[in-house]
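An overview of the molecular structure
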Amino acid sequence: MTDHFVPSVAEATPPPGSGLEPDAIGATQDTIIGMASSAPAATVGLSLAALVMATAYGSGPILILTAIPMLIIANAYRRLNLWKANTGASFEWVGRAINPYLGVLTGWLMIAAYIVGTVAEVLLLGPSVLAVFGSSSTNTWAYVGIGCAVGLIMLVIAVIGIKITARVQVSMAVVEYLILIGLAIAGLVWVLGHHAGSVPITRGWFSLSGVNGKGDAVAGFLVAVFVYGGWDGTLYVNEEVKHRRVNPGRAAILAVALLTVIYTLSQLGFQGVLSPSKLAEADNNGTALVTVAQVLGGGFWAKAMALSIALSVIATTGTGIVLGARIVYGMASYRVLPEFLGTVSRRYATPVASSIVVGLLIVILSAVYYLATSVQNAFFDVIDVTGLLFSIFYILTALAAIAYYRRRILSGAVDFVTVGLLPLGAAGFLGWIFVKSLGEAPWSQRWSLIGIVIAGLVVVFSARFILRSSFFQLPRENERIGGPAADGQQ
């Protein structure tokens, strides 16, 4: 099947305030940005024990199966980017293909997910940086100082330009992934060598029901969906990527594929090194991966793993600022958010105002968490629903792809499957996970999600009746089959 980009009238002119640097980064750098926003090393550290407990060591099949709907939805992003490449991405796609009010709400959920998700990772930064230097200090002010310093440094880099951001991301990724993958392979060798205290590999490791049938596939899927969140970051810098309609979508698919390999290999490599009780103990202390590395190679490799986690958090802090700022910029370009957030610096060709707002929010929220212990439980409830936020706008994006390309669905068997059936199935899977997660979540987390949605409705009301955004007057669109192809042809 051949995909074509058919330009609409609105595509002929860039959105108001457009001024980002075109063709600044390549597809490889864009892929790294998408992977960095998923924070592989930090995410493995957070999910290692949770996946083991949920799946009874049957984590591998769960991670691989979860990647399938993610790849399908990444392909939906790719298709939509062929139609309209802009930093607002799903905000504009959902708004133009389905409904503008739903589009604005989608944009708000994207902003909330990236800011809260980044803060959640920043909370790991202090302990990881201190562990690199051999310190196990739990000094609150040290954590705050490290978090604020890194946040401000990454904010400056984000403001200076996308090129330096991409170079920094690639440099950190090389070190992070080499350490993580190298130690994961060492972990597999360790377990296969039947070292004392390790958990032997059995047939249950490759079964959805886990060892002795004690695994819960549904619980595993709940964790795995959280693990993959963030790969869509490749699309929010699309205006700055070479061949902006084609490469960001391809980068999203490649990012999901590479994350699947990294997450599956890491989970299989690390989960059997420690006994279940020791793994649970290390997880409670927030040092699961560092403890595993200590067992595999002593203090040096424990510090190396701490470095990998620290780099992972630093990288996701940088991408959180860059991507969150560009979503804000894309929305503000249509006056959905205050107009000053849609301005671009002539000197740096970056959305400086939105970058500063997003960066300072991340720094301030991280500091408030550490210093105001009374809000920590409430904040954790918000963090715990971040995966649900990603699920919501992934679902809406898949539905937007179906809505925009709906005329293709009945044009042939291949299109019926690839354009209609598969995206609908992927959206249905994530919808099922969302319902199951919400059903098992405590009311404190449900109220957190309700609060975020209500805040989004306030944003919608403000955009429509106070800011009087032109976005609500844009016509609904769908693909015109048979029109002239443009540079999105493949």
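Residues numbered from 1 in each chain as written. Predicted model: local features only at pLDDT ≥ 70, side-chain atom pairs only at ≥ 80, totals over all residues. Heavy atoms only, no water.

Some details on the overall build of the protein chain
- Within the protein chain, the regular secondary structure consists of 19 helices and 0 strands.
- In terms of overall dimensions, the protein chain is globule-like: its C-alpha atoms have a radius of gyration of 22 Å, near the 23 Å expected for 490 residues.
- Its C-alpha atoms give the protein chain principal-axis dimensions of roughly 65 × 50 × 40 Å.
- For the protein chain, buried positions account for 58% of its 490 residues.
- Restricting to contacts in the protein chain with at least 6 residues of sequence separation, those with at least 24 account for 82%.
- Accessible surface for the protein chain amounts to roughly 18900 Å². Of this, 67% is attributable to carbon and sulfur atoms. (Helix = DSSP H or I, 4+ residues; strand = E, 2+ residues; numbered from the N terminus. Rg over C-alpha atoms; globule rule 2.2 N^0.38 Å. Buried < 20%, exposed > 50% of the residue type's maximum accessible area, 1.4 Å probe, protein only. Contact = heavy atoms within 4.5 Å. Areas by Shrake-Rupley, 256 points an atom, 1.4 Å probe, with all protein chains shown as cover.)

Observations regarding unusual backbone geometry
- Phi is positive for Ala 89, which is not a glycine, with a value near 45°.
- In this structure, Ala 89 sits in the loop between helix H3 (59-83) and helix H4 (90-97).
- By relative accessible area, which is 0% here, Ala 89 ends up buried.

Considering the nonpolar core
- Core analysis: the biggest nonpolar cluster contains 159 residues, and Tyr 77, Val 104, Trp 231, Tyr 236, Phe 270, Phe 393 and Tyr 394 have the highest contact counts within it.
- Of the residues forming this core, the biggest block, 15 residues, is contributed by helix H13 (residues 299-332). (Core = buried A, V, L, I, M, F, W, Y, C linked by side-chain atoms within 4.5 Å.)

Some points on the pattern of salt bridges
- Tallied over the entire structure, the rule returns 5 salt bridges.
- A salt bridge links Arg 96 to Glu 92, with the nearest nitrogen and oxygen atoms 2.6 Å apart. In this pair, Arg 96 and Glu 92 are both assigned in helix H4, 4 residues apart and thus about one turn of the helix distant. The same class applies to Arg 96 and to Glu 92, which are both buried.
- Connected via shared salt-bridge partners are Glu 92, Arg 96 and Glu 477. (Salt bridge = Lys/Arg side-chain N within 4 Å of Asp/Glu carboxyl O.)

Comments concerning the environment of Pro 475
- Tracing the chain through its elements places Pro 475 in the segment after helix H19 (443-466).
- For the pair Pro 475 and Leu 438, spaced 37 residues apart in sequence, the C-alpha to C-alpha distance is 34 Å.

A closer look at the confidence of the model for the protein chain
- Across the protein chain, the average pLDDT comes to 90, with 93% of residues at 70 or higher.
- Per-element confidence in the protein chain ranges from a low mean pLDDT of 70 for helix H15 (residues 376-384) to a high of 97 for helix H10 (residues 247-270).
- Here residues 483-490 is a poorly scored stretch, pLDDT under 50, and it has 25 contacts once near neighbours within four places are set aside; other chains count. (pLDDT = per-residue confidence, 0-100.)

Quick look at the packing of helix H7 (residues 140-160) against helix H14 (residues 352-371)
- At their nearest, the axes of H7 and H14 sit 9 Å apart, and the two run at 175° to each other. By the angle between their axes, H7 is roughly antiparallel relative to H14. Between H7, through Thr 140, Trp 141, Tyr 143, Val 144, Cys 148, Gly 151, Leu 152, Leu 155 and Val 159, and H14, the contact on the second element is made entirely by Val 352, Ser 355, Ile 356, Gly 359, Leu 360, Val 363, Ala 367, Tyr 370 and Leu 371. (Axes fitted to C-alpha atoms, helices over the stretch in contact; angles between N-to-C directions. Parallel < 35°, antiparallel > 145°, perpendicular 65-115°, else oblique.)

Overview of the packing of aromatic side chains
- Under the defined criterion, the tally for this structure stands at 26 aromatic pairs.
- On the numbers, 5.4 Å between centres and 90° between planes, the contact of Phe 221 with Phe 429 is edge-to-face. Of the two residues, Phe 221 sits in helix H9 (residues 217-228) while Phe 429 sits in helix H18 (residues 413-440), which places them 208 residues apart along the sequence. Both residues of the pair, Phe 221 and Phe 429, belong to the buried class. (Phe/Tyr/Trp six-rings, centres within 6.5 Å; stacked < 30°, edge-to-face > 60°.)

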